[in-house]
Amino acid sequence: MPWAISVAVLSFAVAVSASFFSRHDSLTVVNNTSDSSPSMFLPLFFNNHDHLLRHKEDIFARRRLLNRSTPDARMPLYDDLLINGYYSTRLWIGTPPQRFTLIVDTGSTVTYVPCSTCELCGKHQDPRFQPELSSTYRPVKCNIDCICDNDSKQCIYERQYAEMSSSSGVLGKDTLSFGNQSDLKPQQAIFGCENRETGNLYSQHADGIMGLGRGDLSIVDQLVKKNAISDSFSLCYGGMDLGGGAMVLGGISPHADMVFTRSDPVRSPYYNIELSEIRVAGKKLPVNPRVFDGKHGTVLDSGTTYAYLPEAAFVAFKEAIFKEVPSLNRIQGPDPNYDDICFSDARSDAAHLSKVFPAVEMVFSGGQKLLLSPENFLFRHGKVRGAYCLGIFQNGMDPTTLLGAIIVRNTLVTYDREHEKIGFWKTNCSELWERLHLSPITHEVNPTTNMSPMLAPTESLLAKAPVGAGPAVSPSLSTGVAIRPETPLIWILLAVSVALLADIKKLIQCV
């Protein structure tokens, strides 16, 4: 009987692995649904403060977009999209507070940091969390609503990702603080205290994950249930040259030019949108609109770096781009392990890319359009000056359309969960505070620039999978990150099989 279960589960894993290579896990935002619910503005880290020079003449011409009676929390901004493959923010846990740098991830539903008791954790930006030093920390005791440890004393969590990284540990409850510029008081919340991490989670610079997805353990869900914020949050990612950005937990008034599309929580557990077509240079891609509605539909995932289209849409998009830039030379990508589509002689100044590459539009089911500039579908070639590569790839054999952070650079994205819609507003995210008529804040240099990446332990099977320099992706909840099409299927099956066999062992023990 156990073998029958093993075969059945493994067969399911093969099917899932073969079909799902994607991750699960200007101001435009929504009206605050409760005047008493504060909003929090949290920074996304920015690496080069020399790029923060502003066009002063434009700053004070911005429309006042935020009701200043709305409380906010502001923190220094950093942008690691092309350096580390993710955006991150700061969160403080415990009493007294212990600081952590966390990847902002709409595809994850658990917030976790390395624990002082971790047996297999990499070296990250900040020290590990020490529960014994926090007077407000309490373990989450074993109950019928959670998975328990072997002693049936404390709740645990486990996360396996498609890019072969994993995280596991215990659940604890402590005070979360959002920075000294926050008008939202510190809140008690449940989070994961890691005892083991592998793959990208082990080697990344950031300490852990800030889960913003839909789920009881999501930090957004927990704050909403406590009536600490309204059921909305927003992300604003900086551009190719300027960087910067902000995260807003809670609702703010939407800009008149914000474009909304429905996000159906029943259709998918992820933040999906109703994409009906893509246009290149004003011309619609010759594909059936239903191509964007396969499997999980079109999903927004802030923890994924780039964008991944179903095969038919990707081929059509690629050919449309080729047609519009016949004068550019095709060159090899920065990593020979990947067949990146790159172009030389496009000039090194990103501001002039719109004169070389065509405009791209995403059209939603209601007919509203979101204009994508070249920085939303291109990334710099790391070895050839003035060369750029497509940041949109084929999503293996998976029919899901996965839109990562590159698609929404310099775009304020509002996740209005209460009204089941997502809004987009093109803006300069590195000027967000000025556009909100808030005083400037001090920018600090991101400490990740002085760190060397760690290698995951070779003893872990999950860490032995071949990885390339790009495009980088960071882990997201449950199904993990979108994997490059070139990643051998055998490694994915191996990772899934290892995780499943461990679960089967536990199941047999219970029987």
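As a reminder, the structure under discussion sits directly above these lines.
Now for a description of the structure that goes with this document. Keep in mind it's a predicted model, so treat the numbers as computed, not measured.

Focus: the environment of V224
With respect to the helices and strands, V224 occurs in helix α4 (residues 219-225). Put simply, V224 and L249 are 25 residues apart on the chain and 9.7 Å apart in space, counted from C-alpha to C-alpha. When neighbours within four sequence positions are excluded, V224 is seen to be in contact with I229, S230 and D231.

A closer look at the sheet that holds strand β18 (residues 307-309)
Pairing within the open sheet is mixed, and its five strands lie in the order β14-β17-β26-β18-β25. Two strands in the sheet have a free side with no partner beyond their single neighbour: β14 (272-273) and β25 (392-394). This element, helix α5 (residues 311-324), spans β18 and β25 of the sheet and lies at about 135 degrees to β25.

With respect to the sheet that holds strand β19 (residues 329-331)
Strand order in the open sheet formed by four strands is β19-β20-β24-β23, with antiparallel pairing between adjacent strands. The open sheet terminates on both sides in strands that have one partner only, identified here as β19 and β23 (378-380). When the angles between neighbouring strand axes are averaged without regard to direction, this sheet yields 40 degrees. Across three bridges, β23 lies against strand β24 (residues 388-390) in antiparallel orientation. In the strand pairing of β24, R380 is matched with Y388.

Looking at the side chain of S166
Here S166 lies in strand β8 (residues 166-177). On the basis of relative accessibility, which here comes to 5%, the residue S166 falls in the buried class. Polar side-chain contacts of S166 include one of 2.7 Å to the side chain of T198.

Calculation rules
- Residues numbered from 1 in each chain as written.
- Predicted model: local features only at pLDDT ≥ 70, side-chain atom pairs only at ≥ 80, totals over all residues.
- Heavy atoms only, no water.
- Helix = DSSP H or I, 4+ residues; strand = E, 2+ residues; numbered from the N terminus.
- Contact = heavy atoms within 4.5 Å.
- Pairing = 2+ DSSP bridges.
- Axes fitted to C-alpha atoms, helices over the stretch in contact; angles between N-to-C directions.
- Buried < 20%, exposed > 50% of the residue type's maximum accessible area, 1.4 Å probe, protein only.
- Polar contact = N/O pair within 3.5 Å; in protein donor to acceptor, adjacent residues only side chain to side chain.

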